[in-house]
Amino acid sequence: SQTIHQWPATLVQPVGSPLSLECTVEGTSNPNLYWYRQAAGRGLQLLFYSVGIGQISSEVPQNLSASRPQDRQFILSSKKLLLSDSGFYLCAWSTSQTSGTYNEQFFGPGTRLTVL
Amino acid sequence: AQSVTQLDSHVSVSEGTPVLLRCNYSSSYSPSLFWYVQHPNKGLQLLLKYTSAATLVKGINGFEAEFKKSETSFHLTKPSAHMSDAAEYFCVGGVSGGGADGLTFGKGTHLIIQP
C-alpha cells in the first residue's frame, strides 16, 4: 500500500531563517506531488505541484520554492521566512490523470510551521 | 472554469441525529467530486469520491453522498452522528482535462457534535 510521510511535524522558526520541509511517498511510482498551505481558519491554498522529477509548477508568487530531486521526494524551501509563512503545510500525491476522471489526492499528516 | 461552494461554514448536530453537509458545484463539464475530512492538526482523509459511475456514493465511516446534476449538488450525509465525526469537512471538485492543478477546494464546513 502507499504511504506518505512529512517531517518535521511541528516547527518554530524566527523571521528571516531558512526553511526545509520534506515529503516522501512510498509504494507508488511517478506520482504527481503537491504542496498546500492552510492558514488558520482558512481553506487550502495550492503552492506547488510536480508531475515528474525536476518539473515544478508554482501557483502563488512568494518567497517559497519547491524541488523534486527524486521521483518520490518533494521538498519545500525558503531562504528567509516571513511572519506570513506561518501555517499548516500539507503534502499530497496522486496518480497521473486518466481520461474522463480526476484522480483523488492523498494527503500527508502535515507540518505546523510557526514563524516568530 | 469550475467552483465548489460549501453552503455552511459551521454545522452543529446532536449525537445520534442525522448529518447533512451541503456542497454545490459549478462546472461546464462533468466533474469528479470528493469529500475529505480533517481532524485538528491532521492531514485530509478521503471519505468518498464520485466519478460518474453511480450517483449515490458510499464512503467510509457511514458517510454517503449523492450527485444530483439537476441541482448541481453533492451533499454529504450520515444517518447518525458520532462524537468522533467532529471535524472539518471539505468538498473538492476536479474537471477532466484541468491539469494536475485542476482541483478546486471548498472553504470547509466545521461539524460540531453536541453530546
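In this report, the structure presented in the accompanying data block is examined. Fair warning: this is a prediction, and the values are worked out from it, not measured in the lab.

Conventions we followed
- Residues numbered from 1 in each chain as written.
- Chains lettered and ligands numbered in written order.
- Predicted model: local features only at pLDDT ≥ 70, side-chain atom pairs only at ≥ 80, totals over all residues.
- Heavy atoms only, no water.
- Pairing = 2+ DSSP bridges.
- Helix = DSSP H or I, 4+ residues; strand = E, 2+ residues; numbered from the N terminus.
- Axes fitted to C-alpha atoms, helices over the stretch in contact; angles between N-to-C directions.
- Contact = heavy atoms within 4.5 Å.
- Buried area = accessible area lost by both parts, 1.4 Å probe.
- Salt bridge = Lys/Arg side-chain N within 4 Å of Asp/Glu carboxyl O.
- Polar contact = N/O pair within 3.5 Å; in protein donor to acceptor, adjacent residues only side chain to side chain.
- Nonpolar A, V, L, I, M, F, W, Y, C, P; charged D, E, K, R; others polar.
- Buried < 20%, exposed > 50% of the residue type's maximum accessible area, 1.4 Å probe, protein only.

To continue, consider the sheet that holds strand S7 (residues 64-70) of chain A. Residues and elements named next belong to chain A. With antiparallel pairing, the 4 strands of this open sheet are ordered in space as S1-S3-S8-S7. Two strands bound the open sheet, and with one partner strand each, they are strand S1 (3-7) and S7. Across the sheet, the mean angle from the axis of one strand to that of its neighbour is 20°, orientation sign disregarded. Bridge count between strand S3 (residues 19-26) and strand S8 (residues 73-78): 6 bridges; the pairing is antiparallel. Across the sheet, residue leucine 19 finds its bridge partner in S8, namely serine 78.

Between chain A and chain B, the residue contacts involve 22 residues of the former and 22 residues of the latter. When the two sides are added together, the surface that chain A and chain B hide from each other amounts to roughly 1,800 Å², 58% of it contributed by carbon and sulfur. Across the pair glutamate 104 of chain A and lysine 49 of chain B runs a salt bridge, and its minimum N-O distance is 2.9 Å. Across the contact surface, chain A and chain B share 4 residue pairs in polar contact (both at pLDDT 80 or more). Listing elements by their share of the side of chain A that touches chain B, those giving two or more residues are strand S4 (32-38), strand S5 (44-52) and strand S9 (87-94) of chain A. Across the side of chain A that touches chain B, the residue classes tally to 11 nonpolar, 8 polar and 3 charged.

Quick look at the side chain of serine 17 of chain A now. Residues and elements named next belong to chain A. Note on placement: serine 17 falls in the loop between strand S2 (10-13) and S3. By relative accessible area, serine 17 is classed as buried at 11%. In terms of polar contacts, serine 17 uses its side chain to reach the backbone carbonyl oxygen of proline 14, at 2.6 Å.

Bringing the environment of serine 65 of chain A into the picture now. Residue and element names in this part refer to chain A. Residue position: serine 65 is located in strand S7. A residue is classified by how much of its surface remains accessible, and serine 65, at 37% relative accessible area, is partly exposed. Linking serine 65 and glycine 110, residues 45 residues apart in sequence, is a C-alpha distance of 17 Å. Apart from the residues lying within four places of it in its own chain, the contact partners of serine 65 are Phe48, Ile75, Leu76 and Ser77.

Our focus in this paragraph is the pairing of S5 of chain A. All names here are of chain A. Burial within S5 is extensive, with 7 of its 9 residues counted as buried. Where S5 lies against strand S6 (residues 55-58), 3 bridges are found, and the strand directions are antiparallel. By the bridge assignment for S6, glycine 52 is matched with glutamine 55.

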